[in-house]
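# Structural description and commentary
So you can see what is in the structure, the chains are spelled out below.
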Amino acid sequence: MDQRTPMRRAAPAAALLFALTTGTTACTAVAGGVEGEPGAAGLRDPYFPRLGNGGYEVTHYDLALDVDVRPGRDELRGTATITARTTQDLSSFNLDLAGLDVTGATVEGRPAAVNRAGSELTLRPDAGVESRLREGRTFRTVVRYAGAPRTVTDRDRSQEGWLKTADGSLALGQPTGSMAWFPGNHHPSDKATYTVAVTVPEKLTAVSNGEPVSRRTSGGRTTYRWRTPEPMASYLATVAIGRYATKSSRTREGVEVFTAVDPEVARASASALDRIPEVLTWAARRFGPYPFSSTGAVIDRRDDAGYALETQNRPVFPGPPSTGLLVHELAHQWFGDSVTPATWRDMWLNEGFATYAEWLWAEDTEGVPTRQSFDAAFLQDVNWAFPPGDPPGAADLSAAPVYGRGAMVLEKLRQAVDDDKVFFALLKGWATAHRHGNASTDDFTAYAEKRTGLELDALWDTWLYGDGRPDDPDAPVTP
C-alpha cells in the first residue's frame, strides 16, 4: 500500500474531517414503492460500521465524469450507472456518497425517490419495478450528481478523496474517500468491474484504472475512457488529471504497461519506471501469475499527495519512487488488490504481505536475508504498539505494526514451515485461492494450517494477536 506512517503528512485544518454518521437530510418524493425489506445502511465493518450497504452486490460501475478543473476547487458533474444483483427482496436500498448533490435517480429506468442523511443515500424505487428487485435479480440504477468533490481527512489526519494537485486533481480512496466522487457500495467486500469516462479541458490528460479504451476531443474538451475488466474494490479506484507525459508498452508476458508522469519529475522517475517489468517478473515467480491484464504507475509531484497508494493496475506515487516502494506497491496487486481484505480489520493481509515482499526482494536481489530484515523490525519499538491482527481503531490501520509486525508474522511462518518450497507454494496458493475475491485473517490462518499440516496457534497468539514484544524472537511457534 502507501506506507502512510512515514510518508503521510498532517492535513490542513481547513480540510474536511470526515464522519460517516453525521450530515443533513434532504428528500425527494415519488409515489408508490415496492414490496420487500430495506437493504441495510452499512455492513457493520469493525471500524466503519456504516460503510457499504446490504441487500445487493454491485457487478459493474459505469461512471461518466465531466470535470471543470479550477484553481483550488473543481466542479464535477457525474452520472453513475450501477449494475447490481439483489441478495434479498428489496423495498429500498442505500448508496454511499459524500458531499455531492444528487440531481436525479432512476431504478430500471423509472424515477426513484432519494432521501439523504449525511453520506447515506436511500433510494426507494417505483412500484413498477417490483419484480426486478426480487432476490437474485439484476437491476440497474442511474444516479446523476454534481458539485465540488471534497477532500477527506482520515482518522489518522491524512488526506484522501478528491485532492488538488499542482496542475490538476487526484482521486484516492483508502479507506473511505472513493465516496467523495461517485456513489456506490464503498466497502472493500463488494468488488465490481468498472468503466470510467472523464471529460477534462483538452490541454489535460485523465488517467484511471485498467486499460484505455478511447480518447475523443470536441469543443475544447477531451473525454478519456478507461475499462477495468477485473473486479476492483472501490477504494482502489482512481482518477488522475494533469499535464502528464504518458507511455504505453508491453511486458514480455503481454501485460500492458501504461505510465503517466508529471513532466517535472519525469527524468528522475525514468529508472524506476524501467524496472516495472523486472519487478513483475520477480513477483510472479514468488507469488504466482500477475492477476491483471495491465499495470503501470501514476507519478505526481511530491507535494501533490503525501503518500503512495496501490490503486489497481496503476499505483500512485508522490514523486519518483525508490525500488523498495515500487516493489511494495506492485506486490499489492496480488495482496490487497486481487486478494482484498474482507473487512478493514484485515489490513495486515495487505500491508504485512507487501512489506514482506520488500524483504524478499532484498533477499533475492541484494543478498539481505529476510531474517536480517526481521531482526531489524523486531528491535523497532514502534512495531509493538498493538497487534497487527487487531488494530485498536481506524486511525491505526496504516500504523507501523500493520506493516512491520505483519511482515514478521510471515517470517515466523516461514521459519515454522522450515521448507521454502512449501512456504512459497503457500504464498502462491493463497493468492490463487482468493484471486479477485476477498479474504479475512481467519481465512489465512486456516489456509496456512491446512497447507502446512502444522498447529500454529502459538504463532498467531504471539505474533499476530499478542500484546507486547516477546522476550525471545526464536521462541517455538509449533508444538
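Calculation rules
- Residues numbered from 1 in each chain as written.
- Predicted model: local features only at pLDDT ≥ 70, side-chain atom pairs only at ≥ 80, totals over all residues.
- Heavy atoms only, no water.
- Salt bridge = Lys/Arg side-chain N within 4 Å of Asp/Glu carboxyl O.
- Helix = DSSP H or I, 4+ residues; strand = E, 2+ residues; numbered from the N terminus.
- Buried < 20%, exposed > 50% of the residue type's maximum accessible area, 1.4 Å probe, protein only.
- Domains from an automatic or database assignment.
- Contact = heavy atoms within 4.5 Å.
- Buried area = accessible area lost by both parts, 1.4 Å probe.
- Polar contact = N/O pair within 3.5 Å; in protein donor to acceptor, adjacent residues only side chain to side chain.
- Pairing = 2+ DSSP bridges.

### As for the pattern of salt bridges
On inspection of all chains with the given rule, the structure shows 21 salt bridges. A salt bridge links Arg 110 to Asp 126; the nearest nitrogen and oxygen atoms lie 3.1 Å apart. Remark: Asp 126 occurs in the loop between strand S10 (120-124) and strand S11 (138-147) and Arg 110 occurs in strand S8 (residues 110-111); sequence separation between them is 16 residues. For Asp 126, a relative accessible area of 15% puts it in the buried group. Shared partners join several salt bridges into a network, and the residues in it are Asp 66, Arg 77 and Arg 221.

### A closer look at the domain arrangement of the chain
When the domains of the chain are assigned, the result is domain 1 (36-241), domain 2 (244-321) and domain 3 (340-464). A straight line from the C-alpha centre of domain 1 to that of domain 2 covers 25 Å. Of the residues lining the interface, 30 residues belong to domain 1; the matching set on domain 2 comes to 23 residues. Summed over both partners, the interface of domain 1 with domain 2 comes to about 2000 Å²; 56% of that surface belongs to carbon and sulfur atoms. Of all residues in domain 1, Leu 172, Glu 230 and Leu 236 give up the largest surface area on contact with domain 2, accounting jointly for 22% of the area buried on that side. One can count zero salt bridges joining domain 1 with domain 2. Across the domain 1-domain 2 interface, the total number found is 12 residue pairs in polar contact (both at pLDDT 80 or more). Where the side of domain 1 that touches domain 2 is concerned, the elements lending two or more residues are strand S13 (159-164), strand S14 (169-172), strand S16 (205-208), strand S17 (211-218), strand S18 (221-232) and strand S19 (239-242). With six residues, S18 is the largest single contributor of residues to the side of domain 1 that touches domain 2.

### Some remarks on the pairing of strand S6 (residues 90-96)
Burial within S6 is extensive, with seven of its seven residues counted as buried. Two strands pair when backbone bridges link them, and strand S3 (residues 37-38) and S6 are joined in this way by two bridges, in the parallel orientation. Directly across from Pro 38, in S6, lies its bridge partner Ser 92. Bridge count for S6 against S10 is four bridges, and the pairing is antiparallel. What sits directly across from Phe 93, in S10, is Leu 123.

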